Amino acid sequence: MKKYWKDFFTAIKCGDIWTRFSLLVMGVGYWGHGQVVKGILMCLIELGFFFFTGKVSWQYITKLNTLGTVQREEVLDLTTLTKTVNDYDNSLLILLFGIIGILTIAAFVLLYISNLKAVYRLQMMKENGEHIPRFTEDCQELVNGKFHVTLLTLPGLGVLLVNIIPIIFMICIAFTNYDLNHQPPTYLFTWVGLNNFKQLFTTTTTVTFGYVFVRVLVWTLVWALLATFTTYFGGILLAKLINDRTVRCKKLWRTLFVITIAIPQFVTLLLVGKMFGDYGIVNGICSRIGLTQFLQNIGLVSHGLSYIPFLSKPGWAHVMIVMINIWVGVPFQMLSATGILMNIPNDQLESAKIDGANERQIFWKITMPYMLFVTGPSLITAIIGNINNFNVIYLLTSDYVTSNMNFANSNAREVDLLVTWLFTLTNDYSNYKMASVIGICVFIICAVLTLVGFTRMIAGNREEEFQ
């Protein structure tokens, strides 16, 4: 960073008239050193920046501190019997274009500094009698020596537009009162500081977000661990079983399990959800064979119910969600484990058998360490994916209704993950401010788990252990 600014001030101090004049008109330095086309392009970029900032973004940037003060009003003109709308502020557009405007200014400042240093380098090349590349030579360089820059430019812009700007926008929403009662363009919303974060951890008779958040967070983490490791170890054990030399028709067994992957997951989950519904086919079978009555006798099912609440009561629903996820997720993990198991060095397995190790010892001392070494990063990714596993929870519990007033007051359910709770707050109740706060919490949890997990997985060089 010190060298970065040192080069910039050196360019100002030691630059010739063309370099210094580039402080005002960015393309002049290129013109003065024989790069006319580049100079025209830089001038067009500078003009475009000032036009966009002056005509579009600046009016929104100046209102960012309040997010607008003039509310939308309709006035009936009695002479023409038509309604006219005043020149109102739109808080949503102010925030969005304000963010874009600030990012545009920041990008222009970086380009401005880079441009001056580039012009100064041309000046030094000219003074030293070096060849100054023409525009065609610079273009050729972009497809040869700097081809990585050409390839990354478009994806970089895509990341900026699709990821960075929405993330910044969502973070800013968390510090406003944007909800059902403050929806643009009819109403304005404004900054409220950390009030939403305080509300998320507050539990009173009217505000129960603190009560709900702790329970939903615990269930989210428990679900992520159970969903990941049950399918992970289940897939490995299933692959070991099918690959055993005593098992016949291996291809048939693999095909039967892969069918669950071939069917779209949302179709499977919706169908299974109906099957295990309060009046679904599974409850009908359980009632006929007397299982429902037996569970009532031992106290697992309330006597007031004529069915087993597989997906409609807390506890039952939590267990069934994990069980159904095992059935859906194990076949996919089996395919991954099959390929890895076939690549375990045979010399290690043979050496272990010669040393007297049994199958159980070989599995825990050789097979599992090798599997964890190879699949460790994907295991971390699977945990993060299950924290945000919207499909399984939402599709299986679409008919779930909570009877806990604390959950209902916060528009949540006992079976919700943070991500499904976030979705409900936005889609059904337009509570964007609290959804944004929860989204930030999800991001922090996933970021911490990713950093810690990958740091531990890639620490040291363990490849020699498996060679």
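In short, a report on the structure. (Residues numbered from 1 in each chain as written. Predicted model: local features only at pLDDT ≥ 70, side-chain atom pairs only at ≥ 80, totals over all residues. Heavy atoms only, no water.)

**Description of the pairing of strand 1 (residues 74-77)**
- Of the strand pairs in this sheet, strand 1 and strand 2 (residues 82-85) are connected by four bridges, and their pairing is antiparallel. Considered in strand 2, the bridge of Glu 74 is made with Val 85.
- The loop that links strand 1 with its antiparallel partner strand 2 comprises four residues; one of these, Leu 81, has a positive phi angle of about 55°. (Pairing = 2+ DSSP bridges. Helix = DSSP H or I, 4+ residues; strand = E, 2+ residues; numbered from the N terminus.)

**As for the pattern of salt bridges**
- One pass over the full model with this rule turns up six salt bridges.
- When the shortest N-O distance is used, the salt bridge between Glu 74 and Arg 72 registers 3.3 Å.
- Arg 413 is the salt-bridge partner of Asp 416, the closest N and O atoms lying 3.2 Å from each other. Take Asp 416 and Arg 413: they sit in the same class, and that class is buried.
- Sharing partners across several salt bridges, the network here consists of Arg 72, Glu 74 and Lys 83. (Salt bridge = Lys/Arg side-chain N within 4 Å of Asp/Glu carboxyl O. Buried < 20%, exposed > 50% of the residue type's maximum accessible area, 1.4 Å probe, protein only.)

**Remarks on the nonpolar core**
- Trp 219, Trp 223, Leu 269, Phe 276, Phe 310, Ile 321 and Ile 324 are the most contacted members of the largest nonpolar core, which totals 29 residues.
- Considering every element that reaches this core, the biggest residue donor is helix 14 (residues 316-341), with six residues.
- Once residues lying within four places of it in the same chain are set aside, the contact partners of Trp 219 are His 318, Ile 321, Val 322, Ile 393, Glu 414, Val 415, Asp 416 and Leu 417.
- In this structure, Phe 213, Ile 383, Ile 440 and Cys 446 belong to the second largest nonpolar core, which totals 24 residues. (Core = buried A, V, L, I, M, F, W, Y, C linked by side-chain atoms within 4.5 Å. Contact = heavy atoms within 4.5 Å.)

**Structural notes on unusual backbone geometry**
- Following Pro 184, the chain continues into Pro 185 via a peptide bond in cis, with omega recorded as 0°.
- Within the secondary structure, Pro 185 sits in the loop between helix 7 (147-173) and helix 8 (195-200).
- Backbone geometry places Leu 67, a non-glycine residue, at a positive phi of 60°.
- Note that Leu 67 resides in the loop between helix 4 (36-61) and strand 1.
- Assessed through its relative accessible area of 0%, Leu 67 is described here as buried.

**Brief notes about the packing of helix 4 against helix 5 (residues 91-127)**
- In contact at an axis separation of 9 Å, helix 4 and helix 5 are set at 150° when each is read in the N-to-C sense. Taken together, the axis directions place helix 4 and helix 5 in an arrangement best described as roughly antiparallel. Of the two elements, helix 4 crosses helix 5, and the hand of that crossing is left-handed. For the pair helix 4 and helix 5, the contacting residues are Met 42, Ile 45, Glu 46, Phe 49, Phe 50, Phe 52, Val 56, Ser 57, Trp 58, Tyr 60 and Ile 61 in the first and Leu 93, Ile 94, Phe 97, Gly 98, Ile 100, Gly 101, Ile 102, Thr 104, Ile 105, Phe 108, Leu 111 and Asn 115 in the second. (Axes fitted to C-alpha atoms, helices over the stretch in contact; angles between N-to-C directions. Parallel < 35°, antiparallel > 145°, perpendicular 65-115°, else oblique. Left-handed = near helix turned anticlockwise from the far one by under 90°.)

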